[in-house]
Amino acid sequence: MKTKTLKKDKVNIVTLGCSKNLVDSEVMLTQLRGNKIDATHESKKDDANIVIINTCGFIDNAKQESIDTILRYVDAKHEGLVEKVYVSGCLSQRYRDDLQNEIPDVDAWFGTMELPLLLKKFKADYKKELLGERITTTNQHYAYLKISEGCDRPCSFCAIPLMRGKHVSKPIEQVISEAQSLVKNGTKEILLIAQDSTYYGLDLYKKRNLAELLDRLSDVDGLEWIRLHYAFPTGFPEDVLDIMAAKPNICNYLDIPLQHASDHMLKLMRRGTTREKTEALLEQMRTRVPGIAIRTTLIAGHPKETEADFQEMVDFVKQNKFERLGIFTYSHEENTHSYSFEDDVPEETKQERANAVMEVQEEISMSINEKKIGKTFKVLIDRMESGNFIGRTEHDSPEVDNEVIISSDDSYLRVGDFANIKITEATAFDLYGEPIRN
Ligand code: SF4
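Residues numbered from 1 in each chain as written. Predicted model: local features only at pLDDT ≥ 70, side-chain atom pairs only at ≥ 80, totals over all residues. Heavy atoms only, no water.

Here's the deal with the overall build of the protein
Then, in step 1: A count of helices and strands for the protein gives twelve helices and 18 strands.
Then, in step 2: What you see for the protein is a C-alpha radius of gyration of 22 Å, in line with the 22 Å of a compact globule of 438 residues.
Then, in step 3: Referenced to the eigenvectors of the C-alpha coordinate spread, the extents of the protein come out at roughly 60 × 60 × 45 Å.
Then, in step 4: Counted over contacts in the protein with a minimum sequence separation of 6, partners at least 24 positions apart contribute 74%. (Helix = DSSP H or I, 4+ residues; strand = E, 2+ residues; numbered from the N terminus. Rg over C-alpha atoms; globule rule 2.2 N^0.38 Å. Contact = heavy atoms within 4.5 Å.)

A word on the sheet that holds strand E2 (residues 38-41)
Then, in step 1: If you trace the five strands from one edge of the open sheet to the other, you get E2-E1-E3-E4-E5, paired in parallel fashion. Taken across any chain shown, the strands that pair with only one partner, and hence form the sheet edges, are E2 and strand E5 (108-109).
Then, in step 2: Of the pairings in the sheet, the one linking strand E1 (residues 10-15) to E2 comprises four bridges and is parallel in character. Across the sheet, asparagine 12 pairs through a bridge with threonine 40, a residue of E2. (Pairing = 2+ DSSP bridges.)

What about the sheet that holds strand E15 (residues 388-392)?
Then, in step 1: Ordered in space as E14-E15-E16-E18-E17, the five strands form a closed barrel in which the pairing is mixed. Each strand of the sheet is rotated relative to its neighbour by a mean of 55°, with strand direction disregarded.
Then, in step 2: Note that strand E14 (residues 376-385) and E15 share five bridges and pair antiparallel. By the bridge assignment, methionine 384 is partnered in E15 with phenylalanine 389. (Axes fitted to C-alpha atoms, helices over the stretch in contact; angles between N-to-C directions.)

Digging into the site of the ligand
Then, in step 1: Every residue close to the ligand is listed here: Cys151, Arg153, Cys155, Phe157, Cys158, Ile160, Pro161, Gln195, Phe232 and Arg271.
Then, in step 2: Of the residues assigned to the shell around the ligand, the class counts are seven nonpolar, one polar and two charged. (Near = heavy atom within 4 Å. Nonpolar A, V, L, I, M, F, W, Y, C, P; charged D, E, K, R; others polar.)

Considerations on the side chain of glutamine 31
Then, in step 1: With respect to the helices and strands, glutamine 31 occurs in helix H1 (residues 19-34).
Then, in step 2: By relative accessible area, which is 2% here, glutamine 31 ends up buried.
Then, in step 3: Among the polar contacts made by the side chain of glutamine 31, one reaches the main-chain amide nitrogen of lysine 127 at a distance of 2.7 Å.
Then, in step 4: Apart from residues lying up to four places away in sequence, glutamine 31 is in contact with Leu115, Leu119, Asp125, Tyr126, Lys127 and Leu130. (Buried < 20%, exposed > 50% of the residue type's maximum accessible area, 1.4 Å probe, protein only. Polar contact = N/O pair within 3.5 Å; in protein donor to acceptor, adjacent residues only side chain to side chain.)

Quick word on the pattern of salt bridges
Note that side chains of opposite charge can pair when their charged atoms are close.
Then, in step 1: Tallying each qualifying case throughout the model produces 42 salt bridges.
Then, in step 2: Note that glutamate 334 and lysine 63 form a salt bridge whose closest N and O atoms lie 3.8 Å from each other. Of the two residues, glutamate 334 sits in the loop between strand E13 (324-329) and helix H12 (347-370) while lysine 63 sits in helix H2 (residues 60-78), which places them 271 residues apart along the sequence.
Then, in step 3: When the shortest N-O distance is used, the salt bridge between glutamate 114 and arginine 96 registers 3.0 Å. (Salt bridge = Lys/Arg side-chain N within 4 Å of Asp/Glu carboxyl O.)

Let's talk about the packing of aromatic side chains
Then, in step 1: The full count for this structure, using the stated rule, is six aromatic pairs.
Then, in step 2: When the centroid spacing of 6.2 Å and the interplanar angle of 90° are considered together, the rings of tyrosine 142 and tyrosine 144 count as edge-to-face. Here the two residues tyrosine 142 and tyrosine 144 agree in accessibility, since each one is buried.
Then, in step 3: On the numbers, 6.4 Å between centres and 50° between planes, the contact of tyrosine 200 with tyrosine 205 is tilted.
Then, in step 4: Residue tyrosine 205 is classed as partly exposed on the basis of its relative accessible area, which comes to 30%.
Then, in step 5: In textbook terms, an aromatic cluster arises when at least three aromatic residues are bridged by ring pairs, as seen for Tyr86, Phe110 and Phe122.
Then, in step 6: The ring of tyrosine 230 has lysine 20 lying over it, and the distance from NZ or CZ to the ring centre is 3.4 Å.
Then, in step 7: Just above the ring of tyrosine 253 sits the side chain of arginine 227; from NZ or CZ to the centre is 4.7 Å. (Phe/Tyr/Trp six-rings, centres within 6.5 Å; stacked < 30°, edge-to-face > 60°. Lys NZ or Arg CZ within 6 Å of the ring centre and 35° of its normal.)

Quick word on the pairing of strand E17 (residues 418-426)
Then, in step 1: Sheet topology places E14 next to E17; five bridges connect them, and they run antiparallel. What sits directly across from phenylalanine 377, in E17, is isoleucine 421.
Then, in step 2: Joining the antiparallel neighbours E17 and strand E18 (residues 430-435) is a turn of three residues.

Re the nonpolar core
Then, in step 1: Counting 54 residues, the largest nonpolar core has Ile147, Leu192, Leu214, Leu217, Phe236, Met285 and Val357 as its most contacted members.
Then, in step 2: The element that contributes the greatest number of residues to this core is helix H6 (residues 172-184), accounting for six residues.
Then, in step 3: For leucine 217, the contacting residues outside a window of four places in its chain are Val175, Ile176, Ala179, Leu192, Leu223 and Ile226.
Then, in step 4: Counting residues in each nonpolar core, the second largest holds 21 residues, with Ile53, Tyr73, Ala76 and Leu99 among its members. (Core = buried A, V, L, I, M, F, W, Y, C linked by side-chain atoms within 4.5 Å.)

So this is what it looks like as structure tokens:
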């Protein structure tokens, strides 16, 4: 690798983990540039002399990826390619004391709520006037909007409250002005994110206020799609379903991680619900929002999970036919309640169970997608790739769900535009289609 002259104070922010971490990096980028500091995000040019790694500390794989990234930049520092390496985010919040000893060549460690401290390293101040303004790093036409921070839920396997603290809702006015500023900068689709979006307002307004927030957001001029992520089943505010059904610019899409289906496991995982209540809620969703696409996430191999528990999960997936589904293998996380149990399901069995669920889901997804052949959908064009336009329907979130592949021969399409696409072919996890000229 060629040695290079180090350009004074050019910052490159590297983000790991989830969309909530990405929003934090975008706020960091906005504040650095707001202080006239030359900062980029995930720069390919490798010409920065300062690197900030915004880490993830959620589960084993994610933690390992964060540590590998830190070590890579520490090596670059030893080779004189970068001058300073700063680490922020969840891994730093959770393991700062240990990591400081284990990786002493990192120049400074910051927690998840310590941006003002990080800015001090650049003799910069946190600019309150930039609150609600954000330089986004996603494609211009869609953006994540975090409506709250932290989580008050007791889920036994989850370390997020250890890293993100208690639930704090963002005031409605602030969310609305942030949405307006994003739309002004070209955003057409906003993805609402939180640790638990359905808890919104309980702290601030002493009531679940997500429905009112959605209602107000749907009145933002130019906002074409509003997508709801990270709902929680217990105490689900069902008035959200009526707003979703009533407002055409709220996607008929809901991401609601359910984690398991057997009552034995739901109790152990401290989810505060049962299979019966969960299925009643799913029924409500499908009745009150016809055509809704439901995404869920499950965990395979939590301690004490029996073969019977696992078979119940498979049966649940078969019964409820989720449009979108992901599954993780259980990760034994220190200082979580589940850490007090023995991690008694072998890694191999965890993976076998996760694979088996995805095989069932592949069949379900194939049959759902086949029914879309011949139908026309409003598609948001995300990008061009190997001569095709790639887009999504309102039933698909970026990076995690299905995509629509459209040959680019018909060149009148543009990235960032909506187009009506007639589906001509389907696979388990993608659709193929052609534009319908109006
Ligand atoms: S809702 Fe449960 S799983 Fe989600 S962040 Fe909170 S504690 Fe973790």
